[in-house]
Structure formats: structure tokens, C-alpha cells
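# Structure assessment
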Amino acid sequence: MNSRHIIAEAWHFTRENKKLMWWYAFVPSILTTLVGILYLVYQFFSFKRSPLFDDAEKSFLTEVITTIFNFLKENENLLIPAIITIIVVLILYALLPTLLQGGLVQIIARMRKGESVKTSDGVSYGFLVFLPLLEYHLLIKGFSLISLFTEAGFVLRNLGPGALKTLLPVFIAAAVIGLILTLLFTYSEFFIILDKKQVLRSMGRSAKLVVLSWQHTFLIALLMIIIAMRIFINIIAVLIVPALLIFAAGFLATLTLTKIGIIVGIAIALVGLFVASYFTGILNVFANAVWTFTFLELMHEKRTHEFMSE
């Protein structure tokens, strides 16, 4: 298997099929970026209001809930629309990326095999593997670095640096184990989506395939770098979008143009969000194409080897 050829082929595929980005990656990118903004804002002000930096009587989360409750109490006409909006956004964030990923991988695989597929067919393909893929994502979510950082931050804010120092070996061990499991389960999603295997069986087959294809460690490492680049872009977007909003609004407010400042800030933030989501969506399609092509090649080599051995 030629690693460079696969990566070049995946990039060419991504450039020639930008419709896939708009259908299957752009909206999930917007959702993940927005949730990332809220997550970082929450972490920042939670630390700012914690005993580490301030002796606040109430936590930041308590203040947010109280403020929202009081606002909705004073504007009862907004209560129902607010609840509906929150529910819809949460459902989309929880379910839509999984659904669209299943469709995206199926389309990529079928197009590489030379099959004729419509862009919209991916929605149907996504529904067919939605439940097992969602089960897998929920199963491995606890091993993610975001989960570990969240737990470590909670310990630091509420129990202090001493507790974090004591538990640091536990967090490091969990991070190492999570990294190893992530590597072993690299192809689990593709066994679920393309081979229609059950979740646990897919995880076992993925671990076996990774071990047997140890000669492609360089490729796997390169793919990890690609994923890291995607995460880095997300982080930059998460930092820049709210910063642009605050800076623009604050600057124009000093010119006694508060309303205009807020409008301009929101407009700049929306443009930043669009651009960040666009590039993140492109990287999402590219990464999925690389992984899908790699999986298909490894499975082809595996079946060829088994056939030749008979």
C-alpha cells in the first residue's frame, strides 16, 4: 500500500467533490465550533470565578442558570421558543454528526469503487448504520482528551492544585490508555459503516487489523497529525470568533456607537464562524477520505493474502 498515493488520492477526491463538504461536513462543523466556543467560555469564567482566582460566593454555572431563569421569567413570551431552540440544537449536535458521517463514509467508499451514487443517497446510508455508530461514539467518548481535560479542570477548580497533583498520575495513565485504545479502534467505524458489523465485534476486528498492519505505522502517525491539524484549526476558530465579536463591539462602543458595534461584531463573528466551519469541513471530508481509502486498501490486501494462502 502506497501511503503517499492514498493521501494524494484523498486530497484529489476532496477537491473534486466539494458538494460532500456542504452536505455532510459543513453543518456539523458549525455545531462543533459553536459548542467549542461555549465550552471554552464556560471553562474560562469557571476558572475566573473559582477559588483559584476569585472568592466568589456563587459558581459561574449557578450565575448563568440564575441569569437565564430571571430573563425568561421577565420575558415569558420567549420561554417556549427558547426551550424549543435548545432542544433542537442539542438533538442536532448529539445526532447529526454521527448520521452524516455514516453517509459520508459510505459515499466515499462507493465512489472509490466506481459505483454511481447521488450525493443525497448518503442520508439513507447514514440512517442504516446510525444506531450502532452512535453506540460506538457514546462508548468511546469517555476516552477522549476533552473528557480528561474537563475532569482535570473540575478537580483543579473544586479541590485545588494539591488534589490535581495527587490525581495527576491517574489522568496521565488514562490519557495514555485512551490514546492506545483510540489507535487500536482506528477502523472500528469503518467496520460498522462498510461491513455492517456489531460494535464490539468491529472494535475487536479493528484492533486485529491495526496489529497486523504494523508496517503502516508511519501512515497511521501521519493520519494522527492530520486529525491534530483539524483539532488545532477548531481551537483557533473557537478562540478567534468570540474575540472578534468582543473586540469589535468594545471598540465601537468607545465611539458611543454601542448598537452599531454589537451589530458589526456579530457580523464579523458570523463571517469568522463561516470561514472556520468551511475549512474544518474540508479537513473533515479529507480525513474521512484518507481513513476510508486506507481501510479499503488494507482489507483488499488482507483478502488477497487469505486467498493466496488457500
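See the structure shown above.
What counts, and at which threshold
- Residues numbered from 1 in each chain as written.
- Predicted model: local features only at pLDDT ≥ 70, side-chain atom pairs only at ≥ 80, totals over all residues.
- Heavy atoms only, no water.
- Helix = DSSP H or I, 4+ residues; strand = E, 2+ residues; numbered from the N terminus.
- Buried < 20%, exposed > 50% of the residue type's maximum accessible area, 1.4 Å probe, protein only.
- Polar contact = N/O pair within 3.5 Å; in protein donor to acceptor, adjacent residues only side chain to side chain.
- Contact = heavy atoms within 4.5 Å.
- Phe/Tyr/Trp six-rings, centres within 6.5 Å; stacked < 30°, edge-to-face > 60°.
- Salt bridge = Lys/Arg side-chain N within 4 Å of Asp/Glu carboxyl O.
- Arc of directions from axis to C-beta.
- Expected span 1.5 Å × (residues − 1).
- Patch = residues over 30% accessible without salt bridge, like charges linked within 9 Å, V, L, I, M, F, W, Y side chains within 5 Å.
- Areas by Shrake-Rupley, 256 points an atom, 1.4 Å probe, with all protein chains shown as cover.
- Axes fitted to C-alpha atoms, helices over the stretch in contact; angles between N-to-C directions.
- Parallel < 35°, antiparallel > 145°, perpendicular 65-115°, else oblique.
- Left-handed = near helix turned anticlockwise from the far one by under 90°.
- Nonpolar A, V, L, I, M, F, W, Y, C, P; charged D, E, K, R; others polar.

## Structural notes on the side chain of asparagine 288
- Mapping asparagine 288 onto the fold places it in helix α13 (residues 258-309).
- Given a relative accessible area of 8%, asparagine 288 falls into the buried group.
- Side-chain polar atoms of asparagine 288 contact the side chain of asparagine 284, separated by 2.8 Å.
- Once residues within four sequence positions are removed from consideration, asparagine 288 is found in contact with Gln101, Leu104, Val105, Ile108 and Phe190.

## Here's the deal with the packing of aromatic side chains
- Summed over the entire model, instances satisfying the criterion amount to twelve aromatic pairs.
- Between tyrosine 187 and tryptophan 291, the aromatic rings sit 6.0 Å apart at their centres with planes inclined by 75 degrees, giving edge-to-face as the arrangement. A residue pair is termed long-range when its members are at least 10 positions apart, and tyrosine 187 in the loop between α9 (161-184) and α10 (188-194) and tryptophan 291 in helix α13 qualify at 104 residues.
- Exposure remark for tyrosine 187: the relative accessible area of 1% places this residue in the buried category.
- Taking relative accessible area as the criterion, tryptophan 291 reaches 9% and is therefore assigned buried.

## Overview of the pattern of salt bridges
- Inspection of every chain in the model, using the stated rule, returns three salt bridges.
- Of the charged contacts in the structure, one is a salt bridge between arginine 110 and glutamate 115, with a shortest N-O distance of 3.2 Å.
- Using a relative accessible area of 24% as the deciding quantity, one classes arginine 110 as partly exposed.
- For glutamate 297, the salt bridge is made with arginine 112, and the minimal N-O distance between the two is 3.0 Å. Of the two residues, glutamate 297 sits in helix α13 while arginine 112 sits in helix α5 (residues 79-112), which places them 185 residues apart along the sequence.
- Residue glutamate 297 is classed as partly exposed on the basis of its relative accessible area, which comes to 22%.
- Judged by its relative accessible area of 26%, arginine 112 is partly exposed.
- Here the salt bridges share partners, and the residues they tie into one network are Glu9, Arg112 and Glu297.

## Topic: helix α7 (residues 130-140)
- Among the residues making up α7, those that are buried are Phe130, Leu133, Leu134, Tyr136 and His137. Projected down its long axis, α7 carries its buried residues within an arc of 160 degrees, all on one side. Along α7, the residues that are exposed and aim more than 90 degrees away from the buried face are Leu131 and Leu138.
- Buried residues in α7 make contact with α5, α6 (121-128), α10 and α11 (199-212).

## Describing the side chain of serine 29
- Here serine 29 is to be found in helix α3 (residues 26-48).
- There is a polar contact of 3.4 Å between the side chain of serine 29 and the backbone nitrogen of glycine 281.
- With residues near it in sequence (within four places) discarded, serine 29 still touches Ser277, Thr280 and Gly281.

## With respect to α11
- In this model, α11 (14 residues) spans 20 Å end to end at C-alpha, consistent with the 20 Å of a helix rising 1.5 Å per residue.
- Turning to α11, its buried residues are Val199, Ser202, Met203, Ser206, Ala207, Leu209 and Val210. Down the axis of α11, the buried set is contained in an arc of 165 degrees. They therefore lie on one face. With respect to the buried face of α11, the exposed residues turned more than 90 degrees away are Leu200, Lys208, Val211 and Leu212.

## Concerning the environment of alanine 109
- Position of alanine 109 among the secondary structure elements: in helix α5.
- Judged by relative accessible area, alanine 109 falls into the buried class, the value being 3%.
- The spacing of alanine 109 and leucine 194 is 85 residues in sequence and 8.0 Å in space, taken between C-alpha atoms.
- Beyond its immediate sequence surroundings of up to four residues, alanine 109 is in contact with Leu194, Thr292 and Leu296.

## Focus on unusual backbone geometry
- In the Ramachandran plot, lysine 196 falls in the positive-phi region, its phi being about 60 degrees despite a non-glycine side chain.
- Of note, lysine 196 is situated in the loop between α10 and α11.

## Considering a nonpolar patch on the surface
- On the surface, Leu79, Ile80, Ile83, Ile84, Ile87, Val88, Ile91, Leu92 and Leu95 cluster together to form a nonpolar patch covering roughly 740 Å² of accessible area.
- In this structure, isoleucine 91 sits in helix α5.

## Re the packing of α5 against α7
- It is the contact of α5 with α7, at a shortest axis distance of 9 Å, that shows an interaxial angle of 120 degrees. Classified by the angle between their axes, α5 and α7 sit oblique to one another. In this structure, α5 meets α7 at a crossing whose hand is right-handed. The residues of α7 that touch α5, namely those facing Ala94, Leu95, Thr98, Leu99, Gln101 and Gly102, are Phe130, Leu133, Leu134 and His137.
- Its residues assigned to classes, the contact of α5 with α7 comprises six nonpolar, four polar and no charged.

This is a description of form; function is not addressed.
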